[in-house]
Amino acid sequence: MAVVLMTVGITTLPAAHATPSGALRIVVLSAKPVWVSGPTALIAVTVPTHADLRYVDVTLDDRPVVSSLRSDRLPGLLRGVPEPGLLGLDLAVPTLVGLVQLSPGRHVLQASIPDGHRTQTTITDYPAHGPMFAGPQVQPWHCNDGSTSADCAVATRYAYYYVPRGAAGLGNQFSVGSPPVANEFMPYNTAKPPSRSAIATATSDQGVTVPFVIRVETGVLDRGTYQIGVLATPGKSWKPWHSPPAWNHKVDVEVGGNCRAWHDQTPGLPVFDEHALARGYAVMTSGLDILGNDCNPVVAAESLAMTKARLIDEYGLVRFTIGEGCSGGSIILNAVTSNYPGLVDGLMLMCSFPDIWQVTQQAEDCHVLDRVFDLHPLRWPLPAQDDVTGYLEPTTCRSLFDGPQAGFTTGVPDYARSMFDPGNASNCTAEINPPWVYNASTNPGGVRCTLQDYQQAIWGQRPRSVWTEAEKRIGHGFANRPYDNVGVQYGLVALNHHEISVDQFLSLNREVGGIDINWAHTAARSVADHHALEVAYRTGQILDPRAQAGVPIIDLRGHDNEEIHLDIDSYVERARLDQANGGHRNEALWLELGDYEQDPAVAGRAFDDLDAWLSAVQRDRQHGSLVQKVDANRPPTAVDSCWTGEQQVTLWSQCQKVYVHGTDPRLAAGGPPQDNLLKCRLTAPRRSRYVPRLSAAQWQELTSVFPDGVCNDAVPGIGQRPAVPWTSFS
């Protein structure tokens, strides 16, 4: 008999398409059966209508577990879930529901009935402290949540909070259409609760009105501190088949920014999002879903998967999940929806980047270019520097990317150094002068605080053929690194626009050089480790958004041409959608004046539009594929727009005249609009590509500067190929 293996989410296919109604089936509801975590899994066993439920046998590794399942739980399990067929369930079909107890390892779950029919599925369970699919965990890891165990385990804690009546001057009613407000939550003392009249009310998007009280669950999964907040009644307990009555079975995952190779357990974002909670959403966060606490999008995806599985096992089934995040948070969400599809169903991106290695490439390019600019300040006045980098302001390179006074100890990140300097301890820990951090002379075997070494589970170790003396001393390679600038013609676009001279172009590319594995400047260009290139594309470390075709996206872009959260990154992401999916009908770009932060009222509108979009997709029975449903059910306001205050302007041509944007060093070197080449393929330079006429001597110098050729940006890069979803690094 067929076994239905599916995850809960809007992307799930109806089981009826594959299996006749009333067949003997096992449905694992917590997560993909191969990626279950923690001590339990929520399952359903559907039984043919002719079978007597009293004689159904369910075993786990030949151990009877049928006593933990009951046939009267299905109505409660499906309450609030409008389309149970998407989960392979049907109220008309006899079904046993329950939680089965697991231990880490592979388990065989088997169901049988007296007429001889039987079915089974294999569940692979991972410990709650991980790892699961992200590979070996970084060490050392310093637990900061009161735990004395190596895996940071602590008892799960619960606390209640409430919104006082009249908070923020909005009266006592929060409901759909109310604007987001500042955090007004107060601790709710269950031993001495506030009076009912002192508490505001909330009306969910399902029409359920309750006191605005939430329960916040705090625990540790995957060595990271997670939180789940939801409207709840103090003292009332629930099960997944008896969910909190005001919960709308939707989830809002909120993720955070920055990027650090951090080794200290750090809390996640707070769950006090009144806009989402008042509508009935459960809000979910984790410390590992802040890139500044853990600059590894695979670990972030793993943590998100484990926390969502915990939510399903404890709270009930999920209709759909919205993800919202800015900066590094957008990197997490792009990685999750592209590389681990099904975990998050719709995106609200803010101050977005496509992926961390596109950011890293910009930072390191700034570093090598700034060195040349500083050596020859008269040759490179600020306007000429901008012409070469593609940025509209010199502050982009000189602030967060490559700021000479920057550094995490000063509170201003210097991403060029923090991503590639192995001895930069402030990128690893809050500890002062930690003895365990790498030093080429005194501690070559210490922890290297670079991005690629922090992500060594992804990249693997460098081969012996390229080892430095330090690697030879410790007997193994450092992590492979995908950064490369061989053949890159920095300033090519500026040259062809007559913004810099031929001599400037030639001298720049002759002197720019590269960065070695220890962040020292080299006269030669940087060469990527070959294995890293193949891994980068195959595992989606360079965003390949094919799986995002069925994911509604609203990209909120606070207009910024001064620091690093630049408008161009939204257009880069759109170019990748166009390349991968032949269009971007699942995406809307909203532009706002001001810095990169978003207007809360506009963000609230985007959230509500995403909710309406996903709800309509879930109800749609007219269109076939998920991609068609996303296209057909886009709300009329979820279109490319710019905003003046809370006024939406949908005349896109007019918006583009106001919101002018620059590029970045690789685009300004003639790179493709997708900005997704780590290492280009080389070709002999052709005179037709250069608008200024080069003299014979200049042409000879050009060929000596690029002896192996220049980038052919019209063809895929070395190792470039489609990503494979749900890649495991274990």
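This one's a predicted model, so the numbers in the text were calculated from it and none came from an experiment. (Residues numbered from 1 in each chain as written. Predicted model: local features only at pLDDT ≥ 70, side-chain atom pairs only at ≥ 80, totals over all residues. Heavy atoms only, no water.)

### Remarks on the sheet that holds strand β27 (residues 647-649)
Keep this limit in mind: Strands are labelled as partners when DSSP assigns at least two bridges between them. Secondary structure counts use DSSP, requiring at least four H or I residues in a row for a helix and at least two E residues in a row for a strand, with both numbered from the N terminus. Note on method: axes are straight lines fitted to C-alpha atoms, helices fitted across the in-contact stretch only, with angles between N-to-C directions ranging 0 to 180 degrees.
Taken in spatial order, the twelve strands of this open sheet run β13-β11-β16-β17-β19-β18-β20-β21-β24-β25-β26-β27, and their pairing is mixed. Two strands in the sheet have a free side with no partner beyond their single neighbour: β13 (186-188) and β27. Across the sheet, the mean angle separating the axes of adjacent strands is 25° when strand polarity is ignored. Inspection of the sheet shows strand β18 (residues 250-255) paired to strand β19 (residues 282-286) by three bridges, in the parallel sense. The residue bridging Val253 from the neighbouring strand is Met284, located in β19.

### Some remarks on the layout of surface pockets
Defined as follows: Here a cavity denotes a set of grid points, spaced 1 Å apart and computed over the protein atoms alone, in which a 1.4 Å probe fits but from which it cannot get out, and a pocket denotes an open set meeting protein on both sides within 12 Å along at least five of seven lines; residues with an atom within 4 Å of a point are reported as lining. Grid points are joined across faces, edges and corners, and a volume is the space filled by probe spheres set on the points. Under the scheme applied, nonpolar residues are Ala, Val, Leu, Ile, Met, Phe, Trp, Tyr, Cys and Pro; charged residues are Asp, Glu, Lys and Arg; polar residues are all the others, including Gly.
Roughly 550 Å³ of internal volume is contained in the second largest pocket. Residue lining of the second largest pocket: 31 residues in total, with Val138, Gln139, Asp453, Tyr454 and Gln456 positioned closest to the centre. Within the residue set of the lining of the second largest pocket, elements represented by two or more residues are α3 (297-315), α9 (451-454) and α10 (456-459). Grouping the constituent residues of the lining of the second largest pocket by class yields 13 nonpolar, twelve polar and six charged.

### Comments concerning the sheet that holds strand β9 (residues 105-112)
Spatially, β3-β10-β9-β5-β6 is the arrangement adopted by the five strands of the open sheet, whose pairing is mixed. Each of the sheet's edge strands pairs with one partner strand only, and the pair in question is β3 (36-37) and β6 (63-64). Summarising the sheet, β3 and strand β10 (residues 118-126) pair through two bridges and their orientation is parallel. From the neighbouring strand, Val36 faces β10, where its bridge partner is Asp125.

### What about the confidence of the model for the protein?
Operational definition: Summary of the metric used: pLDDT quantifies the predictor's per-residue confidence within the range 0 to 100. Here, two residues are considered to be in contact whenever any of their heavy atoms come within 4.5 Å of each other.
Residues of the protein with pLDDT of at least 70 account for 93%, and the chain-wide mean is 92. Predicted confidence is poor over residues 169-182, with pLDDT under 50, and the contacts of this stretch with residues over four places away or in other chains come to 38 contacts. Below a pLDDT of 50 lies the segment residues 406-410, which in the model reaches 17 contacts outside its immediate sequence neighbourhood of four places, other chains included.

### What about the pairing of strand β21 (residues 346-352)?
To keep things clear, this is the line we draw: Buried residues are those whose accessible area, probed at 1.4 Å on protein chains only, stays under 20% of the maximum for their type, while exposed residues exceed 50% and partly exposed ones sit between those limits. Orient the strands so they point away from the viewer; a crossover is then right-handed if the path from the first strand over the helix to the second runs clockwise.
With respect to burial, β21 is a largely interior element, seven of its seven residues being buried. Note: strand β20 (residues 320-327) against β21, six bridges, orientation parallel. Following the sheet pairing, Ser327 is matched in β21 by Ser352. Handedness of the crossover joining β20 and β21 through helix α4 (residues 328-339) is recorded here as right-handed. Inspection of the sheet shows β21 paired to strand β24 (residues 553-558) by four bridges, in the parallel sense. Its bridge partner being in β24, Leu347 is matched across the sheet by Ile553.

### Overview of the environment of Arg319
If you trace the backbone, Arg319 turns up in the loop between α3 and β20. By relative accessible area, which is 8% here, Arg319 ends up buried. Taking C-alpha positions, Arg319 is 14 Å from Trp241, a pair spaced 78 residues apart along the chain.

### Some words on the side chain of His107
Rule in force here: Two N or O atoms form a polar contact when they lie within 3.5 Å of each other; inside protein one atom must be a possible hydrogen donor and the other a possible acceptor, and for residues adjacent in sequence the pair counts only when both atoms belong to side chains.
Checked against the element boundaries, His107 lands in strand β9. A distance of 2.5 Å separates a polar side-chain atom of His107 from the backbone oxygen of Ser103. Ignoring any residue separated from it by four or fewer positions in sequence, one finds His107 in contact with Leu60, Asp61, Leu102, Thr121, Thr122, Ile123 and Asp125.

### Here we look at the packing of aromatic side chains
In plain terms, the rule: In summary, the pairing rule links any two rings of Phe, Tyr or Trp, Trp by its six-membered ring, whose centres are within 6.5 Å, and it sorts them by plane angle into stacked for under 30 degrees, edge-to-face for over 60 and tilted for everything else.
Per the stated rule, a full pass over the model turns up 22 aromatic pairs. Seen from their ring centres, Trp35 and Phe133 are 5.5 Å apart, and the 80° between their planes marks the pair as edge-to-face. In this pair, Trp35 sits in the loop between β2 (25-28) and β3 while Phe133 sits in the loop between β10 and β11 (157-162), placing the two residues 98 residues apart along the sequence. Among the residues examined, Trp35 registers a relative accessible area of 13% and is labelled buried. Take Phe133: its relative accessible area is 0%, and that puts it in the buried class. When the ring of Tyr340 is compared with that of Trp726, the centres are 5.1 Å apart and the planes differ by 90°; the resulting orientation is edge-to-face.

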